[in-house]
There are 2 protein chains.
Amino acid sequence: MVASEVRALFAVASRPEVVSLAGGMPNVSALPLDDLGDIVRSVVTDQGATALQYGPAQGDAHLREQICAVMAEEGIDASPDDVIVTVGSQQALDLVTRVFVDPGDVVLTEAPTYVTAINTFAAFQADIVHVSMDEDGVVPEALEETLARLESEGRQAKFFYTVPTFQNPAGVTLSSQRRRQVVEICRRFNLLVLEDNPYGLLGFESDPMRALHADAPDNVIYLGSFSKTLSPGFRIGWALAPAAVRAKLVLAAESAMLSHSIFNQLVVARYLDVHPWREQIKDFREMYRRRRDAMLSALEAQMPPGTTWTRPGGGFFVWLTLPEGLDAKAMLPRAVSERVAYVPGTGFFSGDEGRRNMRLSFCYPTPEQIREGVRRLAGVVEAEIALRDTFGNVPAPQSSGGDTPRPDLP
Amino acid sequence: MVASEVRALFAVASRPEVVSLAGGMPNVSALPLDDLGDIVRSVVTDQGATALQYGPAQGDAHLREQICAVMAEEGIDASPDDVIVTVGSQQALDLVTRVFVDPGDVVLTEAPTYVTAINTFAAFQADIVHVSMDEDGVVPEALEETLARLESEGRQAKFFYTVPTFQNPAGVTLSSQRRRQVVEICRRFNLLVLEDNPYGLLGFESDPMRALHADAPDNVIYLGSFSKTLSPGFRIGWALAPAAVRAKLVLAAESAMLSHSIFNQLVVARYLDVHPWREQIKDFREMYRRRRDAMLSALEAQMPPGTTWTRPGGGFFVWLTLPEGLDAKAMLPRAVSERVAYVPGTGFFSGDEGRRNMRLSFCYPTPEQIREGVRRLAGVVEAEIALRDTFGNVPAPQSSGGDTPRPDLP
């Protein structure tokens, strides 16, 4: 399948009869629409002269204060002066890449990693080098070996991009012990860390993990977002960066868009002021926890032996590994004809890995839909195993990018 | 003065006792806040499931249809398929530059030109080549000579960036006859035109000019914006581009921010659906016309001989030329101490031109403030002339960038 075919397939997958375990859309149906309606109205009527005008390139000062309060939940002690508001954390990722990466520069990432980060690094012609992960996140020894190898080759990576908590797509979380090791290794190799943390407050089982930034503020650029804890519709994300970097990011933001919507910034600021946002996040956590539970118990009950998967403690995603000889990308058309969709693993690597993997999302479908989707998926896997046992391994198609849907796909 | 000094000076200039003729902020006080409040509320309460979710990277389909209706006012017959919604037209400018410009590539612009375009082109390390203007806009012969010279040097410009109507900063408009010539010359030299048109519907004296795009849709990328005809607070701009370019812009937009705020897009779409937006633009035109008239008659009455200025037929800006031997940048601190501010001309050129020029904005201050500001400014100019006559020419300071304020400065 080439990219256009995969995209066509995902278009089919968005039909209502298909259970999509593919998309990463948050479930915004839990939001209090009447309260939010009052908030957006009052921002226009009470603060119109500011809200409808141009705003500062760095972002609204009061919102930047509130963002610091949000980050304090993860142990970060930051100044609003070092925060810059962006169009989702995606723009922060783009601006950081723009400031740091010249063509051919090395960027380290986990393997697998967030697909749009791969696209952004590739757009700036970075040389993406993967570092392996296991169920406790990136493997410190692998990180150290990679850095030593690069050093011996006379190459210096620009930064290590990581989603340490409830990773997209793997659903795993970097353990506390490894956080200390990763920070220490990066400091030793003088390597900047780019910590992308959209899911950090969506943990199901414990208090939020301590952010990497909390223990290495001079060495970590932290990216945050309200897309999962409030709504992606306002496109409010941010970067927290050491002062010298932050100044460059503000100039880049000004060049990229003059300034983000001050109206949206004041809406989020007022929401944080007047709405019990911590309670709202608790509600989200409960909802996503029930969906995660539905997915894990359905996988346990339905999947044939030889299939394995991660057990996320939060976030949106489960990472599944098929039995040997199966190919998730080749299997996708058959899955869609059985009315279930997922994202093949190949899209989450810069190279040719991930054939036996798929990302399953539990964020958007209901628990009932999840159970039904997993039941259908297990049937497809069983049929594939039977084919493999009869005819041998399925021939692997050539990967050619475009393996992932856009984030607006249900 | 270095950049930081100029910025400090503009900080002083934002004090209430100073009449600022510097900033380019639209006057949003004329907007119907109650109506807009109802609109934003209903988008949340009636369309929340869509408005608060991720949206498509190209932008909302209905809004793109409406944008085509707006552009039809300028003779453009476009398909919504070829429109991409951006964070103000600034992001469209940035994305076009990102797609087309490699370091060292030539970009043609008018002289003077929009300062943030210079910054964006410079951020992508373009070689900016100016083409001279007069009161009828860019001079076709100069454009042709420049292109022939580049061709003889074996160089090909990537595009010609132009603000053909009510130009920022010069306030001049490309005549109908010259529009035909410019399009013909660019076609002959196989040169793409980047037509930036934020002020096109804000003409004071006649129907809107026909856009360059209307007569050369395959050769012109058109940039539009609701920042001046509605509000900059929503940050809704757009690009209209030939299909092949548009596809690249959508990919670049996805990499830059995933998607713009769908909430804001639905707000603007609903505003265009339910509000008499053409009447609103008429009101804006009347308001800005009165301010333009106040500025022109005050300049006529107050300015000493040897001072000249442009007579804009619309938009926000007058471009003033001081008598010989005077320097607008050197004069700025004295003007601010006399409680009037402007933008020195040097910021609107990539090189060392514009010393005798300044940009005067009539968009934000009231007619009374404009009259008082021009009175103060004329006094400063007279004092400078007296100094020049006594001591000879004022020594020219070294220009070092940063000569312009941010757009959020009143």
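As annotated in an unreviewed UniProt entry, chain A is PLP-dependent aminotransferase family protein from Lipingzhangella rawalii. You can read under Cofactor (unreviewed entry) in the UniProt record for chain A the words "pyridoxal 5'-phosphate".

Draft legend 1. Fine view of the overall build of chain A. A tally of helices and strands in chain A yields 13 helices and 14 strands. What you see for chain A is a C-alpha radius of gyration of 21 Å, in line with the 22 Å of a compact globule of 410 residues. Projecting the C-alpha coordinates of chain A onto the three principal axes gives extents of approximately 70 × 60 × 40 Å. For chain A, with 410 residues in total, the buried portion stands at 64%. Expressed as a percentage of contacts within chain A between residues at least 6 apart in sequence, the contacts between residues at least 24 apart total 78%.

Draft legend 2. Structural detail: the UniProt feature "domain: Aminotransferase class I/classII large" (unreviewed entry) in chain A. Taken from the UniProt record, the annotation "domain: Aminotransferase class I/classII large" (unreviewed entry) applies to residues 46–377 of chain A. As annotated, residues 46–377 of chain A has a helix share of 44% and a strand share of 18%, and its two end C-alpha atoms lie 52 Å apart.

Draft legend 3. View of the pattern of salt bridges. Applying the stated criterion across every chain, the model contains 52 salt bridges over all chains. One salt bridge in this structure joins Glu-286 of chain B and Arg-290 of chain B, with 3.9 Å as the shortest N-O distance. With Glu-286 of chain B and Arg-290 of chain B both in helix α11 (residues 277–302) and four residues apart, the pair spans about one turn of that helix. Through salt bridges with shared partners, a single ionic network connects Glu-205, Glu-286, Arg-289, Arg-290, Arg-292 and Asp-293 of chain A.

Draft legend 4. Expanded view of the sheet that holds strand β14 (residues 357–361) of chain A. All names here are of chain A. A sheet is described by the order of its strands in space; here four strands give the open sequence β10-β11-β14-β13, paired in antiparallel fashion. Both outer strands of the open sheet, β10 (308–309) and β13 (343–344), are each paired with one neighbouring strand and no more. As defined by bridge partners, strand β11 (residues 317–321) adjoins β14 across five bridges and the pair is classed as antiparallel. The residue bridging Trp-319 from the neighbouring strand is Arg-359, located in β14.

Draft legend 5. Representation of the side chain of Asp-60 of chain B. Residue and element names in this part refer to chain B. Following the sequence through the fold, Asp-60 ends up in the loop between α2 (33–51) and α3 (61–72). Of the buried charged residues, Asp-60 lacks a salt bridge, with Arg-64 as the closest side chain of opposite charge at 7.3 Å. A polar side-chain atom of Asp-60 sits 3.3 Å from the main-chain amide nitrogen of His-62. Ignoring any residue separated from it by four or fewer positions in sequence, one finds Asp-60 in contact with Ile-262, Gln-265 and Leu-266.

Draft legend 6. Looking closely at the relation of the copies chain B and chain A. The two copies are related by a screw motion: chain B maps onto chain A through a turn of 180° and a shift of 0.0 Å along the axis, at an RMSD of 0.0 Å. Such values leave the two copies arranged in the relation of a two-fold axis. For chain B, the residue whose C-alpha comes nearest the rotation axis is Arg-41 of chain B, separated from it by 2.6 Å. When you check the interface residues of chain B against chain A, 100% turn up at the interface there too, and the contact is symmetric in its surfaces.

Draft legend 7. Broad picture of the sheet that holds strand β5 (residues 137–138) of chain B. All names here are of chain B. Pairing is mixed across the open sheet formed by eight strands, whose spatial order is β2-β9-β8-β7-β6-β3-β4-β5. Taken across any chain shown, the strands that pair with only one partner, and hence form the sheet edges, are β2 (83–87) and β5. For β2 and strand β9 (residues 236–240), the ladder comprises five bridges, and the chain directions are antiparallel. Pairing of Val-87 across the sheet is with Ile-236, part of β9. Set on the sheet, helix α9 (residues 243–257) makes contact with β2, β8 (220–225) and β9; between it and β2 the angle comes to about 30°.

Draft legend 8. Molecular detail of the interface of chain B and chain A. With 56 residues of chain B in contact, the opposing surface of chain A contributes 56 residues. Buried surface at the junction of chain B and chain A, both sides included, amounts to about 4,600 Å², of which 58% is carbon and sulfur. Broken down residue by residue, the surface that chain B buries against chain A is led by Leu-52, Gln-53 and Tyr-54 of chain B, which jointly contribute 17%. At the boundary of chain B and chain A, one finds four salt bridges. Linking Asp-94 of chain B and Arg-98 of chain A is a salt bridge whose minimum nitrogen-to-oxygen distance equals 2.5 Å. At the surface where chain B touches chain A, the tally comes to 27 residue pairs in polar contact (both at pLDDT 80 or more). Every element with two or more residues in the side of chain B that touches chain A is listed here: α2, α4 (88–100), α5 (115–123), α9 and α10 (262–274) of chain B. In terms of residues, the side of chain B that touches chain A owes the most to one element, α2 of chain B, which gives twelve residues.

Draft legend 9. Geometry of the packing of helix α9 (residues 243–257) of chain A against α4 of chain B. Where α9 of chain A contacts α4 of chain B, the two axes come as close as 5 Å, and the packing angle between them is 100°. With respect to α4 of chain B, the axis of α9 of chain A lies roughly perpendicular. Across the interface between the two elements, Glu-254, Ser-255, Ala-256 and Met-257 of chain A of α9 of chain A pack against Gln-90, Gln-91 and Asp-94 of chain B of α4 of chain B. Looking at the contact of α9 of chain A with α4 of chain B residue by residue, the classes come out as two nonpolar, three polar and two charged.

Draft legend 10. Structural detail: the packing of aromatic side chains. Residues and elements named next belong to chain A. If you walk through the whole model with that rule in mind, you get 27 aromatic pairs over all chains. Judged by centre distance (5.9 Å) and plane angle (85°), the rings of Tyr-199 and Phe-317 are edge-to-face. Taken together, the residues Tyr-199 in the loop between β7 (192–196) and α8 (212–215) and Phe-317 in strand β11 connect sequence positions 118 residues apart. With relative accessibility at 1%, the residue Phe-317 sits in the buried group.

Definitions and limits used
The numbers attached to residues start from 1 for each chain and follow its sequence in the written order. Whichever chain is written first is A, and whichever ligand is written first is 1; the rest continue in order. Confidence filtering applies because this is a predicted model: local features only for residues at pLDDT of at least 70, side-chain atom pairs given and counted only at 80 or more, and all residues used for totals across whole chains, interfaces and linings. Excluding hydrogens and water, the side-chain figures rest on all heavy atoms present in the structure. UniProt positions are given in the numbering used here, feature names are shortened, and annotations may be inferred rather than shown by experiment. The helix count covers DSSP runs of H or I at least four residues long, the strand count covers runs of E at least two residues long, and both are numbered beginning at the N terminus. Computation of the radius of gyration draws on C-alpha atoms, with the globule rule given as 2.2 Å multiplied by the number of residues to the power 0.38. Burial status follows relative accessibility: with a 1.4 Å probe on protein chains alone, a residue under 20% of its type maximum counts as buried, one over 50% as exposed, and anything between as partly exposed. Contacts were defined at the residue level, with two residues in contact if any of their heavy atoms lie within 4.5 Å. Throughout this description, the term salt bridge denotes a Lys or Arg side-chain nitrogen within 4 Å of a carboxyl oxygen of Asp or Glu. Whether two strands pair comes down to DSSP finding at least two bridges between them. Lys and Arg are tallied as positive, Asp and Glu as negative. Neither His nor the chain termini are counted. Nitrogen and oxygen atoms within 3.5 Å of one another constitute a polar contact, given that in protein one can donate a hydrogen and the other can accept it, and given that sequence-neighbouring residues count only through two side-chain atoms. In superposing the copies, a least-squares fit is computed on C-alpha atoms, taking residues whose pLDDT is at least 70 in both. Every axis corresponds to a line fitted to the C-alpha atoms, with the helix fit spanning only the stretch in contact, and the corresponding angles, defined between N-to-C directions, vary from 0 to 180 degrees. Buried area adds together the accessible area that both of two parts lose upon being put together, with accessible area traced by a 1.4 Å probe. In these notes the angle categories are as follows: under 35 degrees is roughly parallel, over 145 is roughly antiparallel, 65 to 115 is roughly perpendicular, and the rest is oblique. Basically, the charged four are Asp, Glu, Lys and Arg, the nonpolar ten are Ala, Val, Leu, Ile, Met, Phe, Trp, Tyr, Cys and Pro, and anything else, Gly included, counts as polar. Planes of paired rings set the category: under 30 degrees apart is stacked, over 60 is edge-to-face and the rest tilted, where pairs are Phe, Tyr or Trp rings (Trp by its six-membered ring) whose centres lie within 6.5 Å.

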